[in-house]
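One letter stands for each residue in the lines below.
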Amino acid sequence: MSGVLRGATAIVGVGEAGIPVLSEGATPVDAMALAAVRAVADAGLSLKEVDGVFAAGLQLFMPTLSLSEYLGLTPRYSDSTQVGGGAFLAHLNHAQAALAAGLCDVALIAYGSTQRSGGAKFVTHSEPNPYERPYRVPGPVAAYAMIAARHMHRYGTTPEQLAEVAVAARAWAGLTPGATMREPLTVAEVLAARRVADPLGVRDCCLVTDGAGAVVLVRADRARDLARPPVHLLGVGEAVSHRSIAQMPDLTVTAATQSGARAFAMAGLAPAEVDVLQLYDAFTVNPILFLEDLGFCAKGEGGGFVAGGRIAPGGALPMNTNGGGLSYGHPGMYGIFTIIETVRQLRGEAGDRQVAGAQVGLAHAPGGFMSSQSTAIFGTAATL
Amino acid sequence: MTGVPPTDRPDLSTLSPRARFLAHCAKGELAFQRDPATGRAIFYPRMAAPGSGAEHPPWEVSAGIGTVYSTTCVRSRDGDHNVALIDMEEGFRLLSRVEGTAPDAVRIGQRVRVRMRTDDGEDPYPVFDPVTDLRDGAR
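Residues numbered from 1 in each chain as written. Chains lettered and ligands numbered in written order. Predicted model: local features only at pLDDT ≥ 70, side-chain atom pairs only at ≥ 80, totals over all residues. Heavy atoms only, no water.

If you check an unreviewed UniProt entry, chain B appears there as ChsH2 C-terminal OB-fold domain-containing protein from Azospirillum melinis.

Within an unreviewed UniProt entry, the label attached to chain A reads Thiolase, and the organism entered is Azospirillum melinis.

A.B. asks: For this particular structure, what's the right way to read the interface of chain B and chain A?
C.D. replies: Reports often express the size of an interface as the amount of accessible area lost when the parts come together. Counting residues at the interface gives 29 residues for chain B, matched by 26 residues for chain A. Taking both partners together, chain B and chain A bury about 2500 Å²; carbon and sulfur atoms supply 56% of that area. In this structure, the connection of chain B to chain A is made through 2 salt bridges. The residue Glu122(B) makes a salt bridge to Arg133(A) at a minimum N-O spacing of 2.5 Å. Taken together, the links from chain B to chain A amount to 16 residue pairs in polar contact (both at pLDDT 80 or more). Put simply, the parts of the chain that give the side of chain B that touches chain A at least two residues each are helix H1 (17–26), strand S4 (65–76), strand S5 (79–88), strand S6 (93–96) and strand S8 (125–130) of chain B. No other element matches S4(B), which puts 7 residues into the side of chain B that touches chain A. Grouping the constituent residues of the side of chain B that touches chain A by class yields 17 nonpolar, 5 polar and 7 charged. (Contact = heavy atoms within 4.5 Å. Buried area = accessible area lost by both parts, 1.4 Å probe. Salt bridge = Lys/Arg side-chain N within 4 Å of Asp/Glu carboxyl O. Polar contact = N/O pair within 3.5 Å; in protein donor to acceptor, adjacent residues only side chain to side chain. Helix = DSSP H or I, 4+ residues; strand = E, 2+ residues; numbered from the N terminus. Nonpolar A, V, L, I, M, F, W, Y, C, P; charged D, E, K, R; others polar.)

A.B. asks: It is not clear to me how the pattern of salt bridges should be interpreted in this structure. Could you clarify?
C.D. replies: Opposite charge on two side chains lets them pair, provided their charged atoms get close. Scanning all chains against the criterion turns up 29 salt bridges over all chains. A salt bridge links Arg353(A) to Glu341(A), with the shortest nitrogen-to-oxygen separation between them at 2.9 Å. On the criterion of sequence distance, the pair formed by Arg353(A) in the loop between helix H13 (335–347) and strand S10 (360–367) and Glu341(A) in helix H13 is long-range, its members being 12 residues apart. Relative accessible area serves as the criterion here: at 8%, Arg353(A) is assigned to the buried category. Here Arg75(B) makes a salt bridge to Asp80(B), at a shortest N to O gap of 2.6 Å. Among the residues examined, Arg75(B) registers a relative accessible area of 24% and is labelled partly exposed. (Buried < 20%, exposed > 50% of the residue type's maximum accessible area, 1.4 Å probe, protein only.)

A.B. asks: How should the pairing of strand S8 (residues 231–240) of chain A be read in this particular structure?
C.D. replies: Two faces belong to every sheet, and in a regular strand the side chains alternate between them. Residue and element names in this part refer to chain A. Where burial is concerned, most of S8 is hidden: 8 out of the 10 residues are buried. Here strand S1 (residues 9–17) pairs with S8 via 3 bridges, running antiparallel. Residue Ile 11 lies in a different strand from S8, and its bridge partner there is Val 231. As paired strands, S8 and strand S11 (residues 372–379) are joined by 8 bridges and run antiparallel to one another. Considered in S11, the bridge of Ala 239 is made with Gln 373. (Pairing = 2+ DSSP bridges.)

Structure (C-alpha cells):
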C-alpha cells in the first residue's frame, strides 16, 4: 500500500489567521474559518469544491460540524480525530486514504483557537483523571518537566542544551514576519527566566496565543492543474502509546520511533535525506527526544546534537524555521503549523528564512503527554 | 453464591475499580491489580487487563515501598509543590507527590514509602515520604 500512497496526494493550499491575538469576542470558529477560506483561496479552489472536512480542537466539541455550518460546507467525508496537538498530521493520514479511495476529492484540514484572548474563559472538554486530580498537575508542563528531568538524569542532558532549542527558535522567529516573539534571546536569559516546573522555565515553554491554520489536500493529478506548486505527501506515520504521563513506558523514549519509521518507510527515505524539519516544540525538551526517536541522532545524544547552532539559522539541520511554538505562536495545539511551515519551505516562499534548495521536509507533532505521535514527510515534485 | 451479602461493609467483588481502590485507601492500603495471565502489575485499576483482556483482574495490596522515577517542583502563585512518578516494588507506577521534604529536594532514585492522605477534603489518596530507615535506604 505504501507504494500506492507515496506522493499520491499533495497540499495545494495553506492559510493562517489570528496569531498572536484575535479581536475581542472572536470565537475559535471565526479563526478556523478565516484560515480555511485563505487556504482554499491559496489553492485557487472554491468552498463549494470542499467535500472532505477534518478538524480537531480543545474548545470545540464538534469542530467539523461547527466549521462546515459556518462556511456552508456539506462534506461527504468528515473526521474529527482528536489525538492532541498532532491530530492534524493524523488527519493527513486519514485524508490521503479517503482521497485515494475516492471518498472525497478536496480535503480541508483546519484548526482554530482563542486560547489567549479567551483567557480565563478558556475551557477544554478533556475529562478529569481521578488518579491525578489530587496532585494539582498544572496542565502538560509538569509531565514534560518530568520527561526532561528523566532525560537529564539518564543521559546527562543539561539545562543549557534545552535552552539552545529556545535560542535557535527565537533566531528563526527573527527572520519570520508575524512571529510573536522576535527579539534575540540568549541561553543565559532562558536559564534566568521564571521557573514554571523544574527543570523548565517560562522560556522553555511554548507561547500562549490565539491562532488558526488550515491546509487543503487533493490527489496529485488534480494538484498539477492548480495555481501553487504542489507539495506532495510522501509518507505519514501515526502511533499511540498512552494517555496519562504515568502510563508512558519510558519517559526518555517516545512513540515517534514508530510513527517516524512508518513515515520514512512509506516515503522510501532516510533522515539524512531530509532538508528541513518542523518538530513541535511545546517544550524545549520535545525536539531533543524527537531528533533521537526519528533517527537524526542516537538515543541520549539529542542534547549535544542541538547545541552549537546546528538547528539554528545557518546550521546544518534547519529546524522550526518559523520560530515554532516557542517563538512564532502557539494557539493550544500547534500541529497544523508544522505542516504549513513545511509547505512554505518546499514552495520556496519562506523569504529571509528560506532553506536554500529544500526538497524534502518533515513535520512531527506529539499529542497529550507524548501520548500520540504523528509524523509526515513531504517532497517537491522533483522527489516523486 | 448463597446467603445474604453482609451489609456492614462493601462487597468488594462488585465495586467499581475506583470504589474498590478508595475502599482500600480508607484502610490505609495502596491497592493494585495483577494480570492473572501474565503476572504483570496493573495500575490504575481497571475492569479489564491491558494486553491480555482478562476481565476483573485480581487485586493485591502493595507493601508501600517505591522509588522516585521522575520528579518536578511546580512553581505557582500558591507556592511550590512536588509532582512525581513513583515506581512501586511490585512493578507498577503511579503519579503522586512526595511530602516530608522540600518539593525541589526530591531526587530521582530516592526511596519512598506510601502514606494515605485523608485530611484535605479529597477522597483518600496516596502520597509518599522519603524512606529514612538506613536499611531500607540501602536496599
